[in-house]
Every structure is written in C-alpha cells, then in structure tokens.
Amino acid sequence: MDLDVFVSAHRAEWDRLDTLLRRQRRLTGAEADELVVLYQRTATHLSLIQSAAPDPQLTGRLSQLVARARGAVTGARRASWRDVTHFLSHSFPAAVYRARHWWVPTALLSTAVAALLGWWIGTHPEVQASIAAPGELRELTRPGGQYETYYSSNPAASFAAQVWTNNAWAAALCLILGVFLGLPVIWILFQNMLNLGIGFGLMASAGRLDIFLGLVLPHGLLELTAVFVAAGTGLRLGWTLIDPGPRLRRRALAEEGRAALAMAIGLALVLFVSGAIEGFVTPSGLPTWARISIGVVAELLFLVYVYVVGGRAARAGETGDLEAAERSAAVPTAA
C-alpha cells in the first residue's frame, strides 16, 4: 500500500466525518445516515492501515476519529435510577458477600490484635509512660477529659462530615492499595487497631473502660465493619495478583478491581451512616444502653443486608462487576 496515495484518496471522507462530529446542532436524517457510512468506512481504513502500513500518527488520528464516531452512532450510556437501585440491591451487597471469606477473618484477627494491644498497654505502666507523660495521660482519661469531649468538640453536623470523609478515605485507600500485594492495607489496618488498642488500654488502666466502650460501640461497630470489609477486599485484590486462578491475570485484576472500586462507593454510604451515628448519637444525652442499642441495630441491619440480600444476589450470579453488556469481550481460557 502506498500510504500517501491512500491518504490523498480518503482524506476528504475523514475530514467530512470530523466535521459532522463537531456539528453542534442536531443532525438531519441524511447527515445521520452519512455519519454512519463514513464511520464504517473510516473503521475499515483504520484496519487496513494497521495491517498493511502502520503509521503511528495517522493511526492515532483515525483511532480517535473512529472512537468519537462510535460514541455518536451508538450513543453514550447514561446512569439512571435503575442503575442506582440495582447497585444497592444487587451489586454492592453481592460484592461484600462474595468477599466475606476475606473480611470476616480480617475482622476477627484485627479485633484480637486490638484487644491484645489494649491489654498490653493497660497492664504495663512502662508502656503507658512511653505513650505520653503522666499529666497528659490523666488529661486524656479523666472524667470530662479528651476521650470524652472528643465526640462533642465540634457541632454534630460538621463533626459527622469530618468523620465520614476521613473514614471513607481510609476505606478507599485499603481498596485501591490492595493491588500492591496487600502490604499497605495491613499497615493501615494495624494503625487503626493500634489507635483503638491505645484508647482501650489507657481507659482500662484508669478504671473507665465502661465509659470508653459506651462512646466507641454506638458508631464503632458499623464503622469498623466497613473498614474490615475494605481491608479484606483489598487483601483479596492483592492475592489476585499472586494467584488469579483459572482467569488470565490481567482479566482477574480488572474484574476484582472494578468490583473493589464500586465497593468504595457502597462503603462510603455505610460510613455515612456510622458518621451520622458518631456525630449525633454518640455525644447525645441518651443513656449508654440506648446509644449502644442503636449501634447494635445498625450493625445487625448491615449484616442482614449483606448475608440475606447479598447472598441471594450472589447465588443468582451477581458478582459486583459491571454488567456483561458493559464489559469488554474476553477470550475463553481453559480451566
């Protein structure tokens, strides 16, 4: 193929297609038909150039032109309320349910680590001394101290928004950084458990563990569950890089990565609920049993949502990934 002759012969068609794509007004029927024909011809031209006389600059231009034309011909898909409903009733709970073999052990092990750290700090004065000076420790743990006033230090709405933003960011980091073999996820999770263990140990050593639990449990049950789900999913994503199973590694990472990013949106909603509880219920004047009951109910509702709604959706074939029509075609692989 003489590339110069080929370009001279078809440049007018490419320019005409570009003109139609740039047109701001609605195309007439004849122009729409012309657009489809030019799109098909340009796609054929691109295929011929790629196979017979590949030229990077020309290939790039025609590739962009064909992609824009394809979007104009097929139409861009817009999200609808049906997509939102499907995500909340099928995709998200199914993704959390499918990841349960990762986040449930993560939750149990992390809780044990936090409890062990709390016991170690609470029973070893020398460890407490390494954390802060005695006066600072008293200021933290005394009645009306920093542990108690933390939840009422700012207006409830702004405090809830701040907590939600911080927790959603931590969960997103766990999901995104899981691709690095899960190592950053382990570090983020350990930092969270260390902070929890320090508060547990210091308040226990001051004989005020009941106050600490009364402040943490109302929002902490749901909040920590969301963090554990994010961490477990991030760890699974890291393991997929090591062992993709019967799938091609690239395909496995794409599928699990898309599900993880979608889960970040769902967990942001869960953390919004826990943030609202932390901002409005935890510092409220309700009795401790009432505040804890609200946290327990929120946690139980989430678990029912995951295991009943998500389990049903997962058994029906939902994976949390994009719908089949929206995914790229994949070449079958032998098991």
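Since the structure is predicted, the reported quantities are computational estimates derived from the model, not experimental observations.

Things to note about the overall build of the protein
Thought 1: Within the protein, the regular secondary structure consists of 13 helices and zero strands.
Thought 2: What you see in the protein, going N to C, is helices and strands ordered as α-α-α-α-α-α-α-α-α-α-α-α-α.
Thought 3: Oriented by its inertia axes, the alpha-carbon framework of the protein measures out at about 90 × 40 × 40 Å.
Thought 4: Split into buried and exposed, the 335 residues of the protein put 39% on the buried side.

Here's the deal with the layout of surface pockets
Sizing a probe to match a water molecule and rolling it over the atoms shows the empty space that remains.
Thought 1: For the largest pocket, the calculated volume is near 760 Å³.
Thought 2: The wall of the largest pocket is formed by 26 residues, among which Tyr150, Tyr151, Asn195, Leu196 and Glu223 lie closest to the centre.
Thought 3: Of all the elements in the fold, those that place two or more residues in the lining of the largest pocket are helix H8 (146–149), helix H9 (156–176), helix H10 (183–205) and helix H11 (209–242).
Thought 4: The element contributing the most residues to the lining of the largest pocket is H10, with eight residues.
Thought 5: The residue makeup of the lining of the largest pocket, split by class, is 15 nonpolar, nine polar and two charged.

Thoughts on the packing of aromatic side chains
Any pair of aromatic rings gets described here by the distance separating the centres and the angle formed by the planes.
Thought 1: For the coordinates displayed, the defined rule picks out nine aromatic pairs.
Thought 2: Between Phe87 and Phe92, the aromatic rings sit 5.9 Å apart at their centres with planes inclined by 25°, giving stacked as the arrangement. The same class applies to Phe87 and to Phe92, which are both buried.
Thought 3: Taken together, the aromatic side chains of Phe87, Phe92, Phe302 and Tyr305 make up a single cluster linked through ring pairs.
Thought 4: The ring of Tyr97 carries the charged tip of Arg100 above its face, separated from the ring centre by 3.9 Å.

Topic: the side chain of Arg208
Thought 1: Mapped onto the elements, Arg208 comes out in the loop between H10 and H11.
Thought 2: Looking at Arg208, its side chain comes within polar contact range of the side chain of Glu148, at 2.3 Å.
Thought 3: Sequence-distant contacts of Arg208, that is, excluding residues within four places in its chain, are made with Thr141, Arg142, Pro143, Glu148 and Met203.

Points about the UniProt feature "transmembrane region" (unreviewed entry) in the protein
Thought 1: Mapped onto this numbering, the UniProt entry annotates "transmembrane region" (unreviewed entry) at residues 102–121, 168–189, 196–215, 221–239, 259–277 and 289–308.
Thought 2: Across residues 102–121 one finds 100% helix and 0% strand; the C-alpha atoms that close the span lie 28 Å apart.
Thought 3: End C-alpha to end C-alpha, residues 196–215 measures 12 Å, and it is 85% helix and 0% strand.

Reading the values: rules and limits
- Residues numbered from 1 in each chain as written.
- Predicted model: local features only at pLDDT ≥ 70, side-chain atom pairs only at ≥ 80, totals over all residues.
- Heavy atoms only, no water.
- Helix = DSSP H or I, 4+ residues; strand = E, 2+ residues; numbered from the N terminus.
- Buried < 20%, exposed > 50% of the residue type's maximum accessible area, 1.4 Å probe, protein only.
- 1 Å grid on protein atoms, 1.4 Å probe; cavity = no way out; pocket = protein on both sides within 12 Å on 5 of 7 lines; lining within 4 Å.
- Points joined across faces, edges and corners; volume = space filled by probe spheres on them.
- Nonpolar A, V, L, I, M, F, W, Y, C, P; charged D, E, K, R; others polar.
- Phe/Tyr/Trp six-rings, centres within 6.5 Å; stacked < 30°, edge-to-face > 60°.
- Lys NZ or Arg CZ within 6 Å of the ring centre and 35° of its normal.
- Polar contact = N/O pair within 3.5 Å; in protein donor to acceptor, adjacent residues only side chain to side chain.
- Contact = heavy atoms within 4.5 Å.
- UniProt positions renumbered as here; feature names shortened; annotations may be inferred.

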